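# Understanding the architecture of this molecule
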Amino acid sequence: MWSFQAPQTVQLPHFLPKQFHHPIQASSHHHHNSVTFRPSTAAATTSSNNQLIQSLCKKGRLKQAIEALSHEPNPTQRTYELLILSCAQQNSLSDGLTVHSHLVNGGFDQDPFLATKLVNMYAELDSIDHARKVFDRIFNRTVYVWNALFRALTLAGRSEEVFSRYREMNWIGIPSDRFTYTYVLKACVASETLGWLLLRGKEIHAHMLRHGYEAHVHGTTTLVDVYARFGRVWYASCVFNEMPLKNVVSWSAMIACYAKNGMAFEALELFREMMMLETLGSVPNSVTMVSVLQACAAVAALEQGKLIHGYILRKRLDSILPVMNTLVTMYARCGNLEWGKSIFDRMDKRDVVSWNSLISSYGIHGFGTNAIKAFNDMIGQGIPPSAISFLSVLGACSHAGLVEEGKLLFQSMVKEHRIYPSVEHYACMVDILGRANRLDEAAKVIEDMRIEPGKDAWGSLLGACRVHCNVELAERASKRLFELEPTNAGNYVLLADIYAEAKMWDEVKRVKKLLDDRGLQKVSGRSWIEIKRKIYSFTSVEELSPQIEQVHALLLEISMEMKEKGYVPATKVVLYDLGEEEKEQIVLGHSEKLAVAFGLINSSKGETIRITKNLRLCEDCHSVTKFISKFVNREILVRDVNRFHHFRDGICSCGDYW
């Protein structure tokens, strides 16, 4: 733990040059109560040349301003301030160095206010080394100079150095302010060293509490972001709930925390609370709307998504690009690809994220050819693809079985676009080949990777082995996965599935024992359905689901009707060595079947039923849903963890390829 000491008086070092030994005066015209350092009486007088330099800076004529500076013997603090700001605005490091040199020669190098401006300038110009030098050479450092350094280091991704310097600041007794906490906490959010920085975040939180900053909205909002980044939703909610005052940024941060950590229901409920308080000043903005739309997309809440779309139009947020991009994704992930495409077509401006939204939308609906066409159209309109563009289009190829097209796109990454594949891109290629039962080629991709394969690539291979029941490769892939992510129960379940299909029951028992010994739990299947703007959740093991008796009765009736037409339950998905009748009862109670039956009972005739599933759709549920769509003459949309299945008249859009 760090040692935090009480604030103490800081005296100027005795070795300061004589010209600097005079009172530091507070400046009345600078924000943050910053201090002004005046090296001489002459420098305080604003000459006409100073006014000329300042005027040139304001007009954006930086070169002329610097030329005029060389003829001004007594530049003022205001003159230097405007010159520094102009260098940052015009992104000119060379001019910044020139102005800095003049400033030192003019005796202003110990002015805390200008030092703060210089550090900020170098941060904007991506020159962290120069920012450090400014900081290290100034003796009478104020909290504002420290804050500027923290901001610069955070922007440069130097999170560990932020904490090292912060420890130094506390050791010499400089009291933190709300900006200090905000910048240091942002260093937590920006870092990739999650565990170490979560500890640091908690320590900063404790420090804020000890010094009475728990009521400051900026710092506490950043704390919510920190805990959200590390998936500590409970901590974030505690901080949020204890905030005496909340602004739109606070509400948006907490909604985003829920949405990004798999708690869509909580995100939507919190948004409802926020809307009730809108008249008190918590008016949702574009950032809020993006998170709320993402929550709607997560659980396919189409009707709620439509209401939010209407709110966006009323508040004229439809001109904001991130909002429109998320709307495209929301409609597609809620099963209405046509509306998503319509919004995309009407957008006045599109960026690469807009195109990625469209490409991925085609992909999850199984329209691989459309996704490739959109990818090529994007390039044709002069928008270069990003790494995410390739992930989207390769994923679309995988869902549609477009193997050769996927290989060509993968090869074009480096050859045509100079984008080097990441682990995720290689995993897509493994998935493309593996789904197509080209498992040896998929394994070869992993062997030839220029980087360490990681869990994504091996996971794709294991998933493909599950589809095609390749025991040998599955054992090889699972061995690596057990090493890479030993607490992921899904890998053990996949391997057990493969053994069960191969009737290797002793091996199934061995894998299940591994699960038990390591205290791991299989993720329960869960499905959601939206009825009349309310979302209902179903699990296969829960008997408290709404109208459960009616649901079971309807499923039993459908099952009997199907058996008369030749249906045989796919009980191989059951991992237990049980009798056939018991296995049939288990598969009949799968969550997606319960949700479909509930939808049939509670929706109007002819209305489309939309289901969301947290796992891959099993073979038996796929067969049953095809039959139901024809039997009741309904369209049924099921979005599983991989893609959409459009069931209509006994046929699925995936062509039984998923």
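Treat the numbers as computed from the prediction; the structure is a model and nothing was measured. (Residues numbered from 1 in each chain as written. Predicted model: local features only at pLDDT ≥ 70, side-chain atom pairs only at ≥ 80, totals over all residues. Heavy atoms only, no water.)

Counting its regular elements, the chain contains 32 helices and eight strands. In the chain, the proportion of contacts linking residues at least 24 apart, taken out of those at least 6 apart, comes to 64%. (Helix = DSSP H or I, 4+ residues; strand = E, 2+ residues; numbered from the N terminus. Contact = heavy atoms within 4.5 Å.)

Attention now moves to the packing of aromatic side chains. In the structure shown here, the tally under the stated rule is 16 aromatic pairs. Their ring planes at 75° and their centres at 4.9 Å tell us that Phe344 and Trp355 sit as a pair that is edge-to-face. Of the two residues, Phe344 is situated in helix α18 (residues 337-346) and Trp355 in helix α19 (residues 352-364); the sequence distance between them amounts to eleven residues. One exposure class covers both Phe344 and Trp355, and it is buried. Over the ring of Phe240 we find Lys246; its NZ or CZ atom is 5.0 Å from the centre of that ring. (Phe/Tyr/Trp six-rings, centres within 6.5 Å; stacked < 30°, edge-to-face > 60°. Buried < 20%, exposed > 50% of the residue type's maximum accessible area, 1.4 Å probe, protein only. Lys NZ or Arg CZ within 6 Å of the ring centre and 35° of its normal.)

Turning our attention to the environment of Phe271. By secondary structure assignment, the location of Phe271 is in helix α14 (residues 264-276). Taking the C-alpha atoms as reference points, Phe271 and Ile255, 16 residues apart in sequence, are found 6.9 Å from one another.

Before going further, it helps to examine helix α2 (residues 62-69). Three- or four-residue spacings in an α-helix give side chains the same orientation, since the helix completes a turn every 3.6 residues. Listing the buried residues of α2 in full gives Leu62, Ala65, Ile66, Ala68 and Leu69. Projection of α2 onto a plane perpendicular to its axis shows the buried side chains occupying an angular sector of 160°, all on one side. Where α2 is buried, its residues meet α1 (48-58), α3 (77-89) and α4 (93-105). (Arc of directions from axis to C-beta.)

What follows concerns the pairing of strand β4 (residues 534-539). Summarising the sheet, strand β3 (residues 526-531) and β4 pair through six bridges and their orientation is antiparallel. Paired with Ile529 across the two strands is Tyr536, which belongs to β4. Linking β3 back to β4 in an antiparallel pair, the connection comprises two residues, with Lys532 at a positive phi of about 50°. (Pairing = 2+ DSSP bridges.)

For the rest of this paragraph, the subject is the sheet that holds β3. In spatial order, the strands read β4-β3-β5-β6-β7-β8; together these six strands make up an open sheet with mixed pairing. Edge positions in the sheet fall to β4 and β8 (651-652), since each has one partner strand and no second. Where strand β6 (residues 636-639) lies against strand β7 (residues 644-648), four bridges are found, and the strand directions are antiparallel. If you follow Arg639 over to β7, its bridge partner there is Phe644.

To continue, consider the confidence of the model for the chain. Per-residue confidence for the chain gives a mean pLDDT of 86, with 88% of residues at or over 70. In the model, residues 1-45 has pLDDT below 50 throughout and makes 82 contacts with residues more than four positions away in sequence or in other chains. (pLDDT = per-residue confidence, 0-100.)

To continue, consider the pattern of salt bridges. Following the criterion strictly, the structure yields 32 salt bridges and no others. A salt bridge links Arg132 to Asp129; the nearest nitrogen and oxygen atoms lie 2.8 Å apart. With Arg132 and Asp129 both in helix α6 (residues 128-137) and three residues apart, the pair spans about one turn of that helix. Taking the shortest distance from any N to any O, the salt bridge between Asp345 and Lys341 comes out at 2.8 Å. Taken together, the positions of Asp345 and Lys341, both in helix α18 and four residues apart, correspond to about one turn of that helix. Here the residues in one salt-bridge network are Asp129, Arg132, Asp136, Glu161 and Arg165, joined through shared partners. (Salt bridge = Lys/Arg side-chain N within 4 Å of Asp/Glu carboxyl O.)

What follows deals with the packing of α1 against α3. Relative orientation of the contacting elements α1 and α3 amounts to 20°, with a least axis distance of 9 Å. Comparing their axes, α3 and α1 come out roughly parallel. Considering the relative orientation of α1 and α3, their crossing is left-handed. The segment α1 lies against α3, with Asn50, Ile53, Gln54, Cys57 and Lys58 engaging Arg78, Thr79, Leu82, Leu83 and Ser86. Looking at side-chain class alone, the contact of α1 with α3 contains four nonpolar, four polar and two charged residues. (Axes fitted to C-alpha atoms, helices over the stretch in contact; angles between N-to-C directions. Parallel < 35°, antiparallel > 145°, perpendicular 65-115°, else oblique. Left-handed = near helix turned anticlockwise from the far one by under 90°. Nonpolar A, V, L, I, M, F, W, Y, C, P; charged D, E, K, R; others polar.)

Another point: unusual backbone geometry. You will see that Asn91, though not glycine, has its phi angle at about 55°, which is positive. Residues other than glycine seldom take positive phi values, yet Cys469 does so here, at roughly 50°. Mapped onto the fold, Cys469 is located in the loop between α25 (454-468) and α26 (471-484).

Considering the arrangement of structural elements, one finds Ser127 in the loop between α5 (112-124) and α6. Its relative accessible area of 10% is what places Ser127 among the buried residues. Those residues in contact with Ser127 that sit more than four places away from it in its chain are Leu93 and Tyr122.

With 163 residues, the main nonpolar core has Leu83, Met254 and Leu461 as its most contacted residues. One finds Val551, Val574, Ala597 and Ile611 within the second-largest nonpolar core, a separate group that totals 32 residues. (Core = buried A, V, L, I, M, F, W, Y, C linked by side-chain atoms within 4.5 Å.)

Tracing the chain through its elements places Arg466 in helix α25. We classify Arg466 as buried; its relative accessible area is 10%. For Arg466, the side chain forms a polar contact with the side chain of Glu619, separated by 3.3 Å. Not counting residues within four places of it along the chain, the set of residues in contact with Arg466 comprises Leu494, Asp497, Ile498, Glu501, Val573 and Glu619. (Polar contact = N/O pair within 3.5 Å; in protein donor to acceptor, adjacent residues only side chain to side chain.)

What follows covers the packing of helix α15 (residues 286-298) against helix α17 (residues 321-333). Running from amino to carboxyl end, α15 crosses α17 at an angle of 10°, the nearest separation of the two axes being 9 Å. Here α15 is positioned roughly parallel relative to α17, judged by the angle of their axes. Touching Ser286, Val290, Leu293, Gln294, Cys296 and Ala297 of α15 are Pro322, Val323, Thr326, Leu327, Met330 and Arg333, all from α17. Tallied by class, the residues present in the contact of α15 with α17 amount to eight nonpolar, three polar and one charged.

We now examine the environment of Gln411. Within the element layout of this structure, Gln411 appears in helix α22 (residues 403-417). For the pair Gln411 and Pro421, spaced ten residues apart in sequence, the C-alpha separation works out to 9.5 Å.

The side chains of a regular strand alternate between the sheet's two faces. In terms of burial, strand β5 (residues 609-613) is a largely internal element, four of the five residues being buried. In terms of strand pairing, β3 meets β5 through three bridges, oriented antiparallel. Considered in β5, the bridge of Ile529 is made with Ile611. Sheet topology places β5 next to β6; four bridges connect them, and they run parallel. Across the sheet, the residue bridging to Ile611 is Val638, located in β6. Note that the unit made of β5, helix α32 (residues 619-631) and β6 has a crossover that is right-handed. (Right-handed = clockwise from strand over helix to strand, strands pointing away.)

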